[in-house]
Amino acid sequence: MPETQKDFRILDNINSPEDLKSLKIPELKELSGEIREFLLWNISRTGGHLGSNLGIVETSVALHYVFDSPEDKIIWDVGHQSYAHKILTGRKDRFCSLRKYGGISGFPKISESVHDPVGTGHSGTALPAAIGIARANMLENKKASAIAVIGDGSFTCGLVYEALNNSKDCKNLIVILNDNEMSISKNVGTVADYLANIRTTKKYYELRQRIKNILSAMPFAGKIFVKFTQKIVRALRRSLYNATFFEQVGFDFLGPVDGHSIDKLLAVLNEAKTRDNPVFIHVKTRKGRGYDKAESSSEIYHSVGKFNVDEGAEEIKNGDIDSFSANFGKKICEAAGENNKICAVTAAMAEGTGLDLFREKYPERFFDVGIAESHAAVFAAGLAIGGYIPVFAVYSSFFQRSYDQVVHDIALQNLHAVFCVDRAGLVGEDGATHHGIFDAAFLNHIPNITVFSPSSYEEFNKSFDYAVNKLNSPAVIRYPKGGENQKSKNLINSGKNKTENLDYIYLKNPGAEYLIISYGRISNIAFEVYEKLNENYGENSSEFMKLNKIKPLDYIFPEILKSSAGNIILIEEGIENGGISETISSFICKSGANKKTRIFALNDFTEHGTTERLFETSGFNPDKIYNIITGS
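Values in this document were obtained by computation on a predicted structure and should not be read as measured data.

Peer 1: How should I be thinking about the overall build of the protein in this particular structure?
Peer 2: Within the protein, the regular secondary structure consists of 26 helices and 18 strands. For the protein, the residues scored as buried account for 59% of the 632 residues in total. Across the protein, contacts joining residues at least 24 apart in sequence account for 76% of those joining residues at least 6 apart. Carbon together with sulfur atoms contributes 50% to the accessible area of the protein, which is approximately 25700 Å² in total.

Below you can see the structure in the form of structure tokens.
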């Protein structure tokens, strides 16, 4: 690939959806090829979601050609398939900043463009939002359309079915199923089987189109007669193929249609605009379209870092990565070999969480429930009631979807379920929808739960053994994206007057003026503050307490009261309100102790960028923290 982006005959002149309207169909096809080349060149340099975006190019072009954004609202489910949409809506010149700090987001974002009507990042949200927009349009007597573009993997998400139940008689609502037969992990369950069955009905759709064209050409065939024949053909379809689920809930069903054929896409989208009922369009696409390596290996090219286009992205197995996810994958397999009651649960993220190894070694105890985190939590409750030890591995930002079930179905019944919460803390380029900054706070107030937040693999492994083999109640182990920091290892081997156990490491200094308390990955920065204080104010000027167990906290309260330190510094890579630091600060206040507290934590949503950059902008810099607490 060239070092500089090539010039494009058509794409260079497309700066808004309106620019598409003057193009002829052959030019739309050429434009699609240019967009695909543009995407491949840029993503190879910035990283990002590649396969899904290469597969949705023609659909994106056709949507903006037929509909009028922003009056018509196009909503992208999950959102990582919206890159071509961004290119067509005025963000082409900024695309080199994709997922970089201050650059454009890898997901739709309301503040970024009027063409992003809804910010998305988690599966299943596009259809509920589209229905709400369509209902609002109906109340305002607007004819504008609301279009939800949903991947087939998202149809394992319960939100989609709740929305379908609320879609009856919803005017100007169009749902496009982007069926590439691949979510991040292989689609599972009866919904995937059902979609596989309706993929076989292309002949019916072509027959229906031919019948409609013939009737429309007849002098006596008016609008009423065409609609009458549509009902007849629909009845014929039902007799031949059985009624589709989507028709049963009130949708007109169109498709399957080739998602890489501009001609067919334009025909079906224009057809959808004429319908009075809500319309469901089944579009078949190929993930990674136009780049052979991505077409043949969807998992590798779902989300990539920088790579050489000619050589392709490197295939890396979880077991080969130095990360908490890989360490978890190895540890659970080791534990499952010793205890045949351990089961693994994932919500369509086996590879991402490190459970792919468990899936291979213990398939009978591995359960992928699809994109259904709420169900996964209650399913885990059922396994626990049945005498098994479920370990649900889930990203922190997706774990939020299980909150009610964790409260009602796990904690209230005090069941022995273990949650391994990956991507806790700031995750970098995926941004606000994926940062795991709320889990510590929302778990903090739920009774019966024990929460660990290790900063090293050794701490994780000890916490896992304890949670699985010693506890008989709910447990959570939260850990960051990436690997352990060398300072975590240094901390374990440092300091005199050290107290160390599963709950915490405490470096005591009698007569100290400062006590630094932290947990998880950010404790590495907190430890630097501790070292800097002792270096500049005397080796006994500060104490350091690194928590591993962050709930319950009763064990550290006596230590805090006994400490001579009058200044308690709390550093937390999570939201401050309701967090661990606030709990400790509240205890000190209620105790009446003559101690001041200072909290360094997050207080708002955080944008995308490298983790290092986000640490800096969030105030997690040891020199800055040192200067603030010393008044330097």
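Let's pick the thread back up.
Peer 1: Mind showing me how you'd approach the sheet that holds strand 7 (residues 366-368) here?
Peer 2: Judged by pairing direction, the sheet is mixed, and its seven strands sit side by side in the order 7-6-8-9-11-10-16 without closing on themselves. Edge strands, defined here as strands with exactly one partner in the open sheet, are strand 7 and strand 16 (549-551). Across this sheet, the average inter-strand angle for adjacent strands is 20°, counted without regard to direction. Strand direction decides the pairing type here: strand 8 (residues 389-395) and strand 9 (residues 418-422), joined by five bridges, are parallel. Its bridge partner lying in strand 9, A393 is registered against C420. Helix 20 (residues 457-469) rests against strand 6 (342-346), strand 8, strand 9, strand 10 (450-452) and strand 11 (475-478) of the sheet, and its axis sits at about 165° to strand 11.

Peer 1: Can you walk me through helix 24 (residues 580-591) in this structure?
Peer 2: For an α-helix, the turn length of 3.6 residues means that residues three or four places apart are oriented alike. Given a rise of 1.5 Å per residue, twelve residues ought to cover 16 Å, and the 17 Å separating the end C-alpha atoms of helix 24 matches this to within 8%. All of the buried residues in helix 24 are I580, S581, I584, S585 and I588. The buried residues of helix 24 all sit within an arc of 135° when viewed along its axis, so they share a single face. Those residues of helix 24 that are exposed and aimed more than 90 degrees away from the buried face are C589 and K590. A positive phi of about 80° marks G592, the residue just after helix 24.

Peer 1: When you look at the environment of V421 in this model, what are you seeing that I'm missing?
Peer 2: For V421, the location among the structural elements is in strand 9. On the basis of relative accessible area, V421 is assigned to the buried category, the value being 0%. For the pair formed by V421 and S396, sequence separation is 25 residues and the distance between their alpha carbons is 5.3 Å. Contacts of V421, omitting those with residues within four sequence positions, involve V394, Y395, S396, F399, V476, I477, R478 and Y479.

Peer 1: It is not clear to me how unusual backbone geometry should be interpreted in this structure. Could you clarify?
Peer 2: With the exception of glycine, most residues fall at negative phi, and the peptide bonds are largely trans. Residue P256 is bonded to the preceding G255 through a cis peptide linkage, with omega at 5°. Inspection of the secondary structure puts P256 in strand 4 (residues 252-258). In this model, K551 is joined to P552 through a cis peptide bond whose omega is -5°. Here P552 lies in the loop between strand 16 and helix 23 (557-562). In this structure, V78 is a non-glycine residue whose phi angle is positive, near 65°. Relative to the helices and strands, V78 resides in the loop between strand 1 (73-76) and helix 4 (83-91). On the accessibility criterion, V78 (12% relative accessible area) is buried.

Peer 1: Would you take a moment to explain the sheet that holds strand 17 (residues 567-575) for this structure?
Peer 2: Backbone-to-backbone hydrogen bonds join strands into a sheet, with any given pair of strands oriented parallel or antiparallel. Ordered by their spatial adjacency, six strands build an open sheet running 12-13-15-14-17-18, and the pairing between neighbours is mixed. A strand with exactly one partner marks an edge of an open sheet, and here the two such strands are strand 12 (498-500) and strand 18 (596-602). Across the sheet, the mean angle from the axis of one strand to that of its neighbour is 10°, orientation sign disregarded. Here helix 22 (residues 523-537) sits on the sheet and contacts strand 13 (504-507), strand 14 (514-519), strand 15 (542-547) and strand 17; the angle it forms with strand 15, its principal contact strand, is near 170°.

Peer 1: What is the right way to read empty space enclosed by the protein from this model?
Peer 2: It is the rolling of a water-molecule-sized probe over the atoms that shows where space remains empty. In this structure the tally under the stated criterion is five cavities of 30 Å³ or more. Of the volumes computed, that of the largest cavity is approximately 80 Å³. A424, G425, S453, R478, Y479, P480, Y519, G520, R521, I522 and E573 are the residues that line the largest cavity.

Peer 1: How should I be thinking about the nonpolar core in this particular structure?
Peer 2: Nonpolar side chains in soluble globular proteins generally cluster together in the buried interior. Counting residues in hydrophobic clusters, the biggest one holds 53 residues, and the most contacted among them are L31, I35 and I281. Among the elements that take part in this core, helix 1 (residues 25-46) stands out by supplying seven residues, more than any other. Apart from residues lying up to four places away in sequence, I35 is in contact with L11, V57, V61, A84, I87 and L88. In terms of nonpolar packing, the next biggest core, distinct from the first, is built from 49 residues, A377, I556, A565 and I568 among them.

Peer 1: Whenever I open this one, the side chain of S463 confuses me. Can you help?
Peer 2: You can see S463 is positioned in helix 20. One polar contact links the side chain of S463 to the main-chain carbonyl oxygen of E459, over a distance of 2.8 Å. For S463, the contacting residues outside a window of four places in its chain are F452, I477, L502 and N548.

Peer 1: For this particular structure, what's the right way to read the packing of aromatic side chains?
Peer 2: Centre distance and the angle of the planes are the two values used to describe a pair of aromatic rings. Within this structure, the stated rule accounts for 37 aromatic pairs. Consider the rings of F155 and Y161, whose centres lie 6.3 Å apart with planes at 80°: the pair is edge-to-face. Consider the rings of F615 and F620, whose centres lie 5.9 Å apart with planes at 80°: the pair is edge-to-face. The exposure class of F615 is buried, given its relative accessible area of 11%. Ring-pair connections join several aromatic residues into one group, and the members of that group are F155, Y161, F245, F246, F251, F253 and F280. Lying across the ring of Y388, K341 places its NZ or CZ 4.3 Å from the centre. Lying across the ring of Y362, R365 places its NZ or CZ 4.7 Å from the centre.

Peer 1: Even after reading the chapter, I still don't get helix 3 (residues 57-66), so can you show me in this structure?
Peer 2: Burial runs high along helix 3: nine of the ten residues are buried. Looking at helix 3, one finds that the buried residues are V57, E58, T59, S60, V61, A62, L63, H64 and V66.

Peer 1: I'm lost on the pairing of strand 5 (residues 279-284) in this one. Help?
Peer 2: Of all six residues in strand 5, five are buried, a share of seventy percent or more. In the classification by handedness, the crossover that spans strand 4, the intervening helix 11 (residues 262-274) and the parallel strand 5 is right-handed.

Peer 1: I tried to follow the packing of helix 1 against helix 4 on my own but got confused; where do I start?
Peer 2: Relative orientation and spacing of two packed helices are given, respectively, by the angle between their axes and the distance between those axes. Their axes nearest at 11 Å, the elements helix 1 and helix 4 cross at an angle of 110°. Viewed along their axes, helix 1 and helix 4 adopt a mutual orientation that is roughly perpendicular. On helix 4, the residues that touch L31, I35, F38, L39 and I43 of helix 1 are Y83, A84, I87 and L88. When the residues that make up the contact of helix 1 with helix 4 are grouped by side-chain class, the tally is nine nonpolar, no polar and no charged.

Peer 1: I would appreciate a short explanation of the packing of helix 22 against helix 26 (residues 622-630) in the present structure.
Peer 2: Put simply, helix 22 and helix 26 touch, their axes get as near as 9 Å, and they point 55° apart. Viewed along their axes, helix 22 and helix 26 adopt a mutual orientation that is oblique. Handedness of the crossing formed by helix 22 with helix 26: right-handed. Of the residues in helix 26, those in contact with I525, E528, V529, K532, L533, N536 and Y537 of helix 22 are P622, D623, I625, Y626, I629 and T630. In terms of residue class, the contact of helix 22 with helix 26 is made up of eight nonpolar, two polar and three charged.

Conventions and cut-offs
- Here the residue index of a chain counts from 1 through its sequence in written order.
- Owing to the predicted nature of the model, reporting of local features is limited to residues with pLDDT of at least 70; listing and counting of side-chain atom pairs is limited to 80 or more, with chain, interface and lining totals taken over all residues.
- Only hydrogens and water are set aside when side-chain values are computed; all heavy atoms of the structure are taken into account.
- Under the scheme used here, helices are H or I runs from DSSP no shorter than 4 residues and strands are E runs no shorter than 2 residues, and both carry numbers assigned from the N terminus.
- In this scheme, a residue with accessible area under 20% of its type's maximum is buried, one over 50% is exposed, and one in between is partly exposed, where area comes from a 1.4 Å probe on protein chains only.
- Residues count as neighbours in contact if any of their non-hydrogen atoms are within 4.5 Å of one another.
- For the area figures, the Shrake-Rupley method with a 1.4 Å probe applies, and any residue is considered shielded solely by the protein chains shown.
- Strands are treated as partners if at least two bridges between them are detected by DSSP.
- As a rule, the C-alpha atoms of each element are fitted with a line to give its axis, helices using only the stretch in contact, and angles between N-to-C directions run from 0 to 180 degrees.
- By definition here, a helix of n residues has an expected span of 1.5 Å times n minus one.
- The directions from the helix axis to the C-beta atoms form the arc being described.
- The method works on a 1 Å grid over the protein atoms by themselves. A cavity is a set of points holding a 1.4 Å probe that cannot get out, a pocket is an open set with protein on both sides within 12 Å along at least five of seven lines, and residues with an atom within 4 Å of a point line them.
- Grid points are joined across faces, edges and corners, and a volume is the space filled by probe spheres set on the points.
- Buried residues of nine kinds, namely Ala, Val, Leu, Ile, Met, Phe, Trp, Tyr and Cys, make up a nonpolar core once their side-chain atoms join them within 4.5 Å.
- What qualifies as a polar contact is a pair of N or O atoms within 3.5 Å, subject to a donor-acceptor requirement within protein and to the restriction that residues adjacent in sequence count only when both atoms come from side chains.
- Only rings of Phe, Tyr and Trp enter the pairing, Trp through its six-membered ring, and a pair is recorded when the two centres are within 6.5 Å. The plane angle decides the type: under 30 degrees is stacked, over 60 is edge-to-face, the rest tilted.
- Here, over-ring charges are defined by two tests on the NZ atom of lysine or the CZ atom of arginine: distance to the ring centre within 6 Å, and angle to the ring normal within 35 degrees.
- By definition, the crossover connecting two strands over a helix is right-handed if that path, from the first strand to the second, turns clockwise as seen with the strands pointing away from the viewer.
- Our angle categories are set so that under 35 degrees counts as roughly parallel, over 145 as roughly antiparallel, 65 to 115 as roughly perpendicular, and the remainder as oblique.
- Gly is put with the polar residues, along with every residue not named as nonpolar or charged; the nonpolar set is Ala, Val, Leu, Ile, Met, Phe, Trp, Tyr, Cys and Pro, and the charged set is Asp, Glu, Lys and Arg.
- Put simply, a crossing is left-handed when the front helix is turned counterclockwise from the back one by less than a right angle, and right-handed when it is turned clockwise.

By themselves, these figures tell us nothing about what the structure is for.
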